[in-house]
Amino acid sequence: MDRNQAAGLILFAAVLLIYSIFFATPPEPLPEESTQVTQTIPQESADVDTIAQEIIQPDSIQDLIAQRQFGVFAPMTKGTAEEIVLENDKISVTFSTKGAEITKVVLKEYRTWDQRPLVLLDDESSDLSFSIQTEKGPLSLNDFYFNPTASTVDVEGNPVSLITFIAKAGSGSITRTYSLADGGYVLDKSLEFAGLSNSLKDTTILVNWDAKLIRQEQDIEESRRKTNINFFTAEESHDYLSTTSETDDADVQEPLKWVSFSQRFFTTGIIAANNFSSARFNQQTPQDTLSIKNVQAAIVLPLDNNKVDLSYYFGPNRYNTLKKITPGFEKNVDMGYFFVSWVNKYIIVNLFQFLEKYFTNYGIIIIIIVLIIKIALTPLTYKSYIGMAKMRVIKPEIDELKAKYPDDPTKMQQEQMKLFGQLGVSPISGCLPLVFQMPFLFAMFFFFPNAIELRQQSFLWAHDLSTYDSILRLPFTIPFYGSHVSLFTILMTVSQIAYTHFNNQLTAQTGPMKNLGYIMPVVFMFVLNSFPAALSFYYFVSNMVTFGQQALIKLFVDDAKIREKIEQNKVKNVDKKKSKFQQKLEDAMKAADANKKTK
């Protein structure tokens, strides 16, 4: 209680004391027994009046306090808090009439990992408030009571549900209108101040949003690695807070288009119709498992003629869905670095969406995607095989050079390049086609961990393709591996080792590089053991299909014909001049050899 409130109470008590001394009536004599009933009735009436006075008097004190604290907005602080629900077939949004603010959001199509309703936020995990600057200082709209009115309108044949909240104070009013179209995840909002221009000391609103992001998935560590604050500037630049640091913050002093709290499979976002002026962000990873991350956003929202429009997004991280919301919003889904993201954005996402129309089993969809990609890349696979076959055929000539120059590797390399030129063989002809295939392999490394389509989809022994499959729980933890055994990862490793062995029979590769092919699958077994089962399954199927492709190509490739072609090139290239590239490469080798001898 502050000094003004204490003074008011003392003054009020003094008035009551003076009234009781000078205006109270003396007690009346006891009435006759026959009239006792008639006299007790007025006494009871007096008692009721006294009780009524005692109830009214505290209300007047509260009115006085509200007037001093809120000024012209004081009448808005009286009311009753009730819950109002606005919903469509996708989401359910609950509001409180105190503040006319969102208190709960439920996604109807999804459930948590333990099959509870998927609550994206509620009044315990989220605190969203809009504050205005007044002559009484900053005031939160959450302190005001609003009267709701529900209605439905038709917009281009699509029903839209509306709730209009109005808080009044004299001739002034605050109106908050929410609209939710059928079949969508976007909640539109309009905020308007009428007759309060003289009471608003600033033309901006401070939006404070503190949230403890609710756990939705079983693998909490993977969820935390995929959860952060994203924001998009008016200059169409996307930025974000760290996904791996325990804490991170940012102070953005430039206009923003949208801000989001992005989790692995779901996003909560606030989008300006025009722009936000600036914002401050902070996020922390809690030590407990009650929430994924704790995030805070303080956003400055400018008013335009005492009115402002904005939108919220509460929904899944489907790339094509987010792309339709607002420019740049699809960046809430990590599609990988620029050299692989194009594969996911323009090929895999659309191919996946197309196959979903005809197949409900996502394991089958993954197999079909592998087959489509492998068929499309067959020309590169064929060229790679032919390149390796040529190197295998000329292996005797290479071995002769190694025997001729055992102690002079530079001279051996020079003669080897000369030999390649004479025979019309390129040492990178077998590797270059594989390089062109790498974006597809790496693209899957980003696509499957972020594909909400795979969430809670089972296949064979994997109960959820979006997380690791576990056929055995270990009583201990193996460093870099974990405490579980993923069967799809083991199958992928075995298939990769088998493919490496088969591939080594086709190449002239010797030495450490040959053995490296057996080491890498074991390394990937440790890396991918805790990755989604869909990723390991994709690589396993891809290895098997590639193995089959090369076995099939081998049936139609004759080493004798390749040798014959090489001999023809040898005769043809006897008097052929060296190419500029070969000449530069040979000069570089000679220079390196000369420098080595002078040292």
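Going by the structure above, here's the rest.
Residues numbered from 1 in each chain as written. Predicted model: local features only at pLDDT ≥ 70, side-chain atom pairs only at ≥ 80, totals over all residues. Heavy atoms only, no water.

Draft legend 1. Representation of the overall build of the protein chain in the model. Looking only at helices and strands, the protein chain features 15 helices and 21 strands. Long-range contacts, defined as pairs at least 24 residues apart, comprise 66% of the intrachain contacts of the protein chain with a sequence gap of at least 6. For the protein chain, the accessible area works out to roughly 32500 Å², and carbon and sulfur atoms hold 58% of it. (Helix = DSSP H or I, 4+ residues; strand = E, 2+ residues; numbered from the N terminus. Contact = heavy atoms within 4.5 Å. Areas by Shrake-Rupley, 256 points an atom, 1.4 Å probe, with all protein chains shown as cover.)

Draft legend 2. View of the packing of helix α5 (residues 338–356) against helix α6 (residues 362–376). As a packed pair, α5 and α6 sit with axes 10 Å apart at the nearest point and diverge in direction by 130°. Comparing their axes, α6 and α5 come out oblique. In the packing of α5 onto α6, the handedness of the crossing is right-handed. Every residue of α6 that contacts α5 at I348, L351, F352, L355 and E356 is listed here: Y362, I365, I368, I369, I372 and I373. The class makeup of the residues in the contact of α5 with α6 is 10 nonpolar, no polar and one charged. (Axes fitted to C-alpha atoms, helices over the stretch in contact; angles between N-to-C directions. Parallel < 35°, antiparallel > 145°, perpendicular 65-115°, else oblique. Left-handed = near helix turned anticlockwise from the far one by under 90°. Nonpolar A, V, L, I, M, F, W, Y, C, P; charged D, E, K, R; others polar.)

Draft legend 3. Seen up close, the packing of aromatic side chains. For the structure on display, the rule yields 30 aromatic pairs. Note on F73 and F144: the rings are 5.7 Å apart at their centroids and 5° apart in plane angle, and the pair reads as stacked. Of this pair, F73 sits in the loop between α2 (36–70) and β1 (83–87) while F144 sits in the loop between β6 (137–140) and β7 (147–155); the two residues are 71 residues apart in sequence, bridging distant segments of the chain. A residue is classified by how much of its surface remains accessible, and F73, at 1% relative accessible area, is buried. For F144, a relative accessible area of 0% puts it in the buried group. (Phe/Tyr/Trp six-rings, centres within 6.5 Å; stacked < 30°, edge-to-face > 60°. Buried < 20%, exposed > 50% of the residue type's maximum accessible area, 1.4 Å probe, protein only.)

Draft legend 4. Region of interest: the sheet that holds strand β19 (residues 307–316). Overall, antiparallel pairing links the nine strands, which are arranged β7-β8-β9-β10-β19-β16-β15-β12-β13 in an open sheet. Either end of the sheet is taken by a strand with one partner, and the two such strands are β7 and β13 (238–240). Direction aside, the axes of adjacent strands within the sheet are offset by 20° on average. Sheet topology places strand β8 (residues 158–169) next to strand β9 (residues 172–181); 10 bridges connect them, and they run antiparallel. Following the sheet pairing, A167 is matched in β9 by I174. (Pairing = 2+ DSSP bridges.)

Draft legend 5. Representation of the pattern of salt bridges in the model. Counting across every chain of the model gives nine salt bridges. In this structure, K90 engages E109 in a salt bridge whose closest nitrogen and oxygen atoms are separated by 2.9 Å. Of the two residues, K90 is situated in the loop between β1 and β2 (91–96) and E109 in strand β3 (residues 101–111); the sequence distance between them amounts to 19 residues. Of the residues examined, K90 reaches a relative accessible area of 19% and is grouped as buried. Of the charged contacts, one joins E222 and R225 as a salt bridge, the two residues approaching to 2.6 Å between their closest N and O atoms. Taken together, the residues E222 and R225, both in helix α3 (residues 220–225) and three residues apart, mark about one turn of the helix. With a relative accessible area of 6%, E222 lands in the buried category. Judged by relative accessible area, which is 42%, R225 ranks as partly exposed. By sharing partners, the salt bridges in this structure join E101, R176 and K189 into a single network. (Salt bridge = Lys/Arg side-chain N within 4 Å of Asp/Glu carboxyl O.)

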